[in-house]
Amino acid sequence: MSDEELEVIENLEPTLQNVLDQKSLHWIFVGGKGGVGKTTTSCSLAVQLCKVRESVLLISTDPAHNLSDAFGQKFSKEATLVEGFTNLFAMEIDPTSSIQEMLDQSEQQGGGAAMGAMMQDLAFAIPGVDEAMGFAEVMKQVKTMEYSVIIFDTAPTGHTLRFLSFPSVLEKALVKISQLSGRFGPMLQQMSGMMGLNSNQEDMFGKLEGMRAIITEVNNQFKDPDKTTFICVCISEFLSLYETERMIQELTSYHIDTHNIVVNQLLFPKKGSNCEQCCVRHKMQQKYLDQIYDLYEDFHIILMPLLTKEVRGTKDINEFSEMLVKPFEPPDDSMMDDSQ
């Protein structure tokens, strides 16, 4: 590595200001292991982004849905203006529940109970097709919205990465339904006619094809570093670091840009502290923090301290968000390693 490249790495700011400065970004994912502070980070980033962007949409795809708790305001699957803001909207969706709604809607629109049953069987026959179809429905809805930037507060790591395989999952579904239509289509048509139902296989096939097209288009955008980035959130512990490394490797294999890591809940006890637990935990965190710096020397590493209170409500989120864009400096009398 050249001296110039080393200097660039050393000068990487330990903040998320680089995300705010990249005006071309349209999709931002915030993800990591459960319980590391993804929702607090995504809400705080959204607050900072609405200072520099025309309109911001924050979407929770985690079935646990913590956005409502974070802002102290009830959100639903419809985009809602966050109280206290003029250009920040939030919505909570569960991609896995979307398939049932779609099937119900299909029956009501004349798809027929027989076809609905076949589609339901299909959903269970191909692993992941329910999430893929649900995700396609969500993305179809989101694509019609005019927002400058969209932030996803994602489910824990494993669920987050599944969306990358959705195009191939829907491809399998299309093949399967084509086979089913060929084998059982005439029989279903005859049965539906006798029962006075309308079973339109072509309509359902077209719907699946449309979903595949949407997911393929969106995934192509996800692979464009000018439009998409993934922010990893972790804590300075073995399991979280292991999960982060696994996630970054998988994101890299799918050509998804990632160059920011937020390390939450860091302890900075005062020198000479009598709190044995604090001192032991601080040393452990420093050990893994050193590993993070070694592994990700070309990343922005954002250090966030463990607070003495929960971050809840707009005021707390506003305060917390400032630490994402201003380099954190441990107190002078803390035990922070001189090496960092």
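Residues numbered from 1 in each chain as written. Predicted model: local features only at pLDDT ≥ 70, side-chain atom pairs only at ≥ 80, totals over all residues. Heavy atoms only, no water.

Going by an unreviewed UniProt entry, the protein carries the name ArsA/GET3 Anion-transporting ATPase-like domain-containing protein and comes from Diversispora epigaea. The record in UniProt for the protein states the following under Subunit (unreviewed entry): "Homodimer." (UniProt positions renumbered as here; feature names shortened; annotations may be inferred.)

Asks: How would you explain the state of the cysteines if you had to name every residue and give the values?
Replies: This structure, assessed with the given rule, holds one disulfide. The thiol of C234 is not disulfide-bonded; the next cysteine sulfur, from C232, is found 7.9 Å away. Relative accessible area serves as the criterion here: at 1%, C234 is assigned to the buried category. (Disulfide = S-S within 2.5 Å. Buried < 20%, exposed > 50% of the residue type's maximum accessible area, 1.4 Å probe, protein only.)

Asks: Account for the UniProt feature "binding site: ATP" (unreviewed entry) in the protein, with residues named and values stated.
Replies: The residues that UniProt annotates with the feature "binding site: ATP" (unreviewed entry) are K33, G34, G35, V36, G37, K38, T39, T40, E237 and N264. Inspection of the secondary structure puts V36 in the loop between strand 1 (27-31) and helix 3 (38-49). Note on V36: relative accessible area 2%, which makes it buried. Ignoring anything within four residues of it in the chain, the contact list for V36 reads V233, C234, I235, S240, N264 and Q265. Note on placement: T39 falls in helix 3. By relative accessible area, which is 12% here, T39 ends up buried. If near-sequence neighbours (up to four positions away) are discounted, T39 is found in contact with N66, L67, A70 and D153. (Helix = DSSP H or I, 4+ residues; strand = E, 2+ residues; numbered from the N terminus. Contact = heavy atoms within 4.5 Å.)

Asks: Go over the environment of M323 with me, naming the residues and quoting the values.
Replies: Secondary-structure assignment places M323 in helix 13 (residues 314-325). C-alpha of M323 to C-alpha of T15: the two residues are 308 residues apart in sequence and 7.9 Å apart in space. Those residues in contact with M323 that lie beyond four places of it in its chain are I302, M304, P305 and L307.

Asks: So what about the pairing of strand 1? Which residues, and what values?
Replies: Most of strand 1 is tucked away: five of the five residues are buried. Every second residue of strand 1 is oriented toward a common face, with W27, F29 and G31 on one face and I28 and V30 on the other, all of them buried. As paired strands, strand 1 and strand 5 (residues 149-153) are joined by four bridges and run parallel to one another. Note on strand 5: the bridge partner recorded for F29 is F152. (Pairing = 2+ DSSP bridges.)

Asks: Provide a residue-level description of the nonpolar core, including the pertinent values.
Replies: Membership of the largest hydrophobic core comes to 36 residues, with the highest contact counts inside it found for I28, L45, F71 and L88. Broken down by element, the residue count for this core peaks at five residues, all from helix 3. With near-sequence residues (within four places) excluded, I28 lies in contact with V19, L45, L49, V149, I150, I151, F152, T229 and I231. If you look at the next biggest cluster of nonpolar residues, it comprises 35 residues, including C232, C234, V263 and L289. (Core = buried A, V, L, I, M, F, W, Y, C linked by side-chain atoms within 4.5 Å.)

Asks: Kindly report on the pairing of strand 6 (residues 228-235), identifying the contributing residues and their values.
Replies: In terms of burial, strand 6 is largely enclosed, as eight of its eight residues are buried. By the alternation rule, side chains of strand 6 split into T228, F230, C232 and C234 and T229, I231, V233 and I235, which are all buried. Looking at chain direction, strand 1 and strand 6 are connected through five bridges and run parallel. Among the inter-strand pairings, G31 is bridged to a residue of strand 6, identified as C232.

Asks: I'd like a rundown of the environment of I256, residues and numbers included.
Replies: Note that I256 resides in the loop between helix 11 (238-253) and strand 7 (260-266). Residue I256 is classed as buried on the basis of its relative accessible area, which comes to 5%. Sequence separation between I256 and F222 is 34 residues, and the spatial gap between their C-alpha atoms is 6.3 Å.

Asks: Can you explain a nonpolar patch on the surface? Please cite residues and give values.
Replies: On the surface, a cluster of nonpolar side chains totalling about 360 Å² of accessible area is made up of F238, L239 and Y242. With respect to the helices and strands, F238 occurs in helix 11. For F238, a relative accessible area of 48% translates into the label partly exposed. (Patch = residues over 30% accessible without salt bridge, like charges linked within 9 Å, V, L, I, M, F, W, Y side chains within 5 Å. Areas by Shrake-Rupley, 256 points an atom, 1.4 Å probe, with all protein chains shown as cover. Salt bridge = Lys/Arg side-chain N within 4 Å of Asp/Glu carboxyl O.)

Asks: Could you give me a rundown of the sheet that holds strand 4 (residues 88-92), with the residues and numbers involved?
Replies: If you walk across this open sheet you meet the eight strands as 3-4-2-5-1-6-7-8, and the pairing is mixed. Bordering the open sheet on either side are strand 3 (80-81) and strand 8 (300-305), each of which pairs with just one other strand. Sheet strands in contact with helix 3 are strand 1, strand 2 (56-60), strand 4, strand 5, strand 6 and strand 7, and its direction is about 165 degrees off that of strand 5. Sitting on the sheet, helix 13 touches strand 7 and strand 8, and the angle it makes with strand 8 is about 145 degrees. (Axes fitted to C-alpha atoms, helices over the stretch in contact; angles between N-to-C directions.)

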